[in-house]
Amino acid sequence: MWRPDLTAYDLQMTYSNFVDGKWVQSASGATFENRNPANTNDLIGLFPDSTTRDAELAIAAAKRAFESWRLAPAPKRAEILFKAAQLIAARKEEFARDMTREMGKVIEETRGDVQEAIDMTYFLAAEGRRLHGQTAPSELRDKFAMSIRQPIGVCAMITPWNFPMAIPSWKIIPALVCGNTVVLKPSELTPLSAMHFVKVLEQAGVPAGVVNMVTGGPPVGEALTTHPDVAVVSFTGSTAVGKLVNQNAAPFFKKVHLEMGGKNAIMVMDDASLDLALEGCLWGGFGTSGQRCTAASRVIVHEQVHDRFVEQFVQRAKSLRVGNGLDTATQMGPSISEKQLQKVMSYVEIGKQEGATIACGGKRLTSGAHANGFFHEPTIFTGVTRTMRIAREEIFGPVVSVIKCRSVDEAVSIANDVVYGLSCSIYTQDINRAFKAMRDVYTGIFYVNAPTIGAEVHLPFGGTKATGNGHREAGLAALDVFSEWKSIYVDFSGKLQRAQIDTENL
Ligand code: UN1
């Protein structure tokens, strides 16, 4: 369609919403820019800055499509999803490169992100031939009892920028296999990867209206969380926004699944293999530039090995190569945006003021290859105590706080002493300490001799306290978010039988 308000240059890179099986512009015609965080001169494209009206149209399409999709046999729904997994696998490298360009994380990691979407799609598509319920004996004669999962309806999904394809897949695939329909609002910072995923679903044969995507900011989020025809809201992002989502949805009694912040700790005991622990802390703390909700932003080290550990940790962090993630020599990419980088820098100031010591890093990188991106040095604070804000608040950047401890009990107590409860890990060779920590740390994910990041798709993913609201995604637990149980009793006795009353009927 000819658009007099856009130049040819713009048109080449103007992407669309996906509503009712069609790629369409926002009703307003407005767009926002998607730029490369490693080089802001690189404009990736213009995406619809959608309005309430766009969200409403998408919800209406999803509502209509639900009536037939819910009746499609689950194994048939699954066949489409298997095909989608194959299509993604065939284009993995292309999707990974686009993702590094729009999100910044290094190419190895974006390949991992795409792989996670492939894995999740295969894993949950297979539920099309299971979706098991239960059968149970009835307490009455000639009566059958069973439970089945039923789809719920239109599911709204609000996804973050740090796992631009994996997280949409965690939500969309279980929703679809259960027979729901979807409206996705991906982060404005990474809409291209979400669009690739949605396009693949279209190509695989998902019928019109079953999956819709509306890009944009808060007006879209607001519409999705307050519309009466949305039955489920699944959100991954900050705790502050999660709270808003919950408040918006509460008056409608929507089912809300929230996956929010973390302040994850790696506990390094004095009997740990230090080399292994160092590798884990570097990967857990600085992988994805610390921009994972599972990132190890606290390292709690036993006093017996503290100084030795810190010396090597600092040395290794200093040597990390920071740059454009498409360069295979790069080990750490940029922060996602100026705003995110400013947040990181403000926490570095907070840490200094609180009296922690900057053992390395602490500065923005601005010259040479870093001039046009949002780069920050890998930063380690030592002398951190559990009461400091840098030890308690989520920073979501390449900043790790090292806290000294005297025992496994103290380490566990520090690990638990935050409002979040996503992931935690212990490095130890002592099985007693490992099991004690495994039991006593109150998180949704726990690792032994591995960092806090790297959850696999077939286990439940989520956290306790301010990290979540009791739901889990991934694993079979994801089905519980996107389906509701129906208990069914079939009485074939031909007479009225009263449960709990007709108790004599042997
Ligand atoms: C997130 O940071 O929001 O376990 C998700 C991990 C990844 C997923 C992280 N598989 O670190």
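Thresholds applied
Residues numbered from 1 in each chain as written. Predicted model: local features only at pLDDT ≥ 70, side-chain atom pairs only at ≥ 80, totals over all residues. Heavy atoms only, no water. Helix = DSSP H or I, 4+ residues; strand = E, 2+ residues; numbered from the N terminus. Rg over C-alpha atoms; globule rule 2.2 N^0.38 Å. Buried < 20%, exposed > 50% of the residue type's maximum accessible area, 1.4 Å probe, protein only. Lys, Arg positive; Asp, Glu negative; His and termini not counted. Charge placed at Lys NZ, Arg CZ, Asp CG, Glu CD. Polar contact = N/O pair within 3.5 Å; in protein donor to acceptor, adjacent residues only side chain to side chain. Contact = heavy atoms within 4.5 Å. Near = heavy atom within 4 Å. Areas by Shrake-Rupley, 256 points an atom, 1.4 Å probe, with all protein chains shown as cover. Nonpolar A, V, L, I, M, F, W, Y, C, P; charged D, E, K, R; others polar. Domains from an automatic or database assignment. Phe/Tyr/Trp six-rings, centres within 6.5 Å; stacked < 30°, edge-to-face > 60°. Buried area = accessible area lost by both parts, 1.4 Å probe. Salt bridge = Lys/Arg side-chain N within 4 Å of Asp/Glu carboxyl O. Pairing = 2+ DSSP bridges. Axes fitted to C-alpha atoms, helices over the stretch in contact; angles between N-to-C directions. Expected span 1.5 Å × (residues − 1).

Undergrad: What exactly am I supposed to notice about the overall build of the protein chain here?
TA: Within the protein chain one finds 15 helices and 23 strands. The C-alpha atoms of the protein chain give 24 Å as radius of gyration, which agrees with the globular expectation for 506 residues (23 Å, within 12%). Seen through its principal axes, the protein chain has C-alpha atoms that stretch 80 × 75 × 40 Å. Looking at the protein chain as a whole, 56% of its 506 residues are labelled buried. Each charge class in the protein chain was averaged separately, 52 positive and 53 negative side chains, and the resulting centres sit 2 Å apart.

Undergrad: What is the right way to read the side chain of T330 from this model?
TA: Topologically, T330 is positioned in the loop between helix 11 (306-318) and helix 12 (338-354). Assessed through its relative accessible area of 10%, T330 is described here as buried. Within the structure, T330 has its side chain in polar contact with the backbone oxygen of N324 (distance 2.8 Å). Apart from residues no more than four positions distant in its own chain, T330 is found in contact with V106, R321, V322, G323, N324 and G325.

Undergrad: How should I be thinking about the site of the ligand in this particular structure?
TA: E116, N162, F163, I167, W170, R292, C293, T294, I453, G454, A455 and F461 make up every residue found near the ligand. One of the side-chain N or O atoms of N162 is found 3.2 Å from an oxygen atom in the ligand. Between an oxygen atom of the ligand and a main-chain N or O atom of A455, the distance comes to 2.7 Å. A total of 320 Å² of accessible area belongs to the ligand in isolation, and the protein chains cover 98% of it. Residue composition of the shell around the ligand, grouped by class: seven nonpolar, three polar and two charged. Here the shell around the ligand spans two domains, since at least three of its residues come from each of domain 1 (54-260 + 468-486) and domain 2 (265-448).

Undergrad: Is there a simple way to explain the packing of aromatic side chains in this structure?
TA: To describe a pair of aromatic rings, one takes the distance between the centres and the angle between the planes. For the coordinates displayed, the defined rule picks out eight aromatic pairs. Taking 4.7 Å as the distance between ring centres and 15° as the angle between the ring planes, the aromatic pair formed by Y15 and F47 counts as stacked. Of this pair, Y15 sits in the loop between helix 1 (8-12) and strand 1 (17-19) while F47 sits in strand 4 (residues 39-48), and the two are 32 residues apart along the sequence. For Y15, a relative accessible area of 23% corresponds to the partly exposed category.

Undergrad: Help me understand the domain arrangement of the protein chain, please; the structure alone is not making it clear to me.
TA: One widely used convention gives an interface's size as the accessible area the parts lose upon coming together. Each assigned domain of the protein chain is listed here: domain 1 (54-260 + 468-486) and domain 2 (265-448). The gap between the C-alpha centroids of domain 1 and domain 2 is 31 Å. Opposite the 18 residues of domain 1 that make contact, domain 2 presents 21 residues. The junction of domain 1 with domain 2 conceals about 1500 Å² of combined surface from both sides, 66% of it contributed by carbon and sulfur atoms. At the boundary of domain 1 and domain 2, one finds one salt bridge. Between R292 and E109 there is a salt bridge whose closest N-O contact spans 3.8 Å. Joining domain 1 to domain 2, the criterion identifies three residue pairs in polar contact (both at pLDDT 80 or more). If you list the elements that add at least two residues to the side of domain 1 that touches domain 2, you get helix 4 (92-103) and helix 5 (107-125). Counting residues per element, the side of domain 1 that touches domain 2 draws most heavily on helix 4, at four residues. Partitioned by chemical class, the residues of the side of domain 1 that touches domain 2 number seven nonpolar, five polar and six charged.

Undergrad: Got a minute to help me understand the sheet that holds strand 23 (residues 484-491) in this structure?
TA: Sheets are built from strands that pair by backbone hydrogen bonding, the pairs being arranged parallel or antiparallel. The strand order across the open sheet formed by three strands is 5-6-23, and the pairing between neighbours is antiparallel. Two strands bound the open sheet, and with one partner strand each, they are strand 5 (134-137) and strand 23. Taken over all neighbouring pairs, the strand axes of this sheet differ in orientation by 20° on average, direction set aside. Judged from the eight bridges that link them, strand 6 (residues 143-150) and strand 23 form a sheet pairing that is antiparallel. The residue of strand 23 that forms the bridge with M146 is I488.

Undergrad: Sorry if this is basic, but what is going on with the environment of A249 here?
TA: Among the secondary structure elements, A249 is positioned in helix 9 (residues 239-249). Considered as a pair, A249 and D20 are 229 residues apart in the sequence and their alpha carbons are 24 Å apart. Not counting chain neighbours up to four residues away, the residues in contact with A249 comprise T225, K254 and V256.

Undergrad: What is the right way to look at helix 12 in this model?
TA: The α-helix advances 3.6 residues per turn, and as a result positions three or four apart in sequence lie on the same side. With 17 residues, helix 12 ought to run about 24 Å at 1.5 Å a step, and its terminal C-alpha atoms sit 24 Å apart, in line with that. The inward-facing, buried residues of helix 12 abut strand 14 (357-360), strand 15 (364-365), strand 16 (375-376), strand 17 (379-384) and strand 18 (399-405). One or two positions beyond helix 12, positive phi appears at G355, with a value near 100°.

Undergrad: When you look at the side chain of K255 in this model, what are you seeing that I'm missing?
TA: Within the fold, K255 resides in strand 11 (residues 255-259). No salt bridge is formed by the buried K255; its nearest oppositely charged neighbour, E484, is found at 5.3 Å. A polar side-chain atom of K255 sits 3.3 Å from the main-chain carbonyl oxygen of V481. K255 has contacts with I152, A231, V232, V233, H471, D480, V481, S483 and E484, leaving out every residue within four places of it along the chain.

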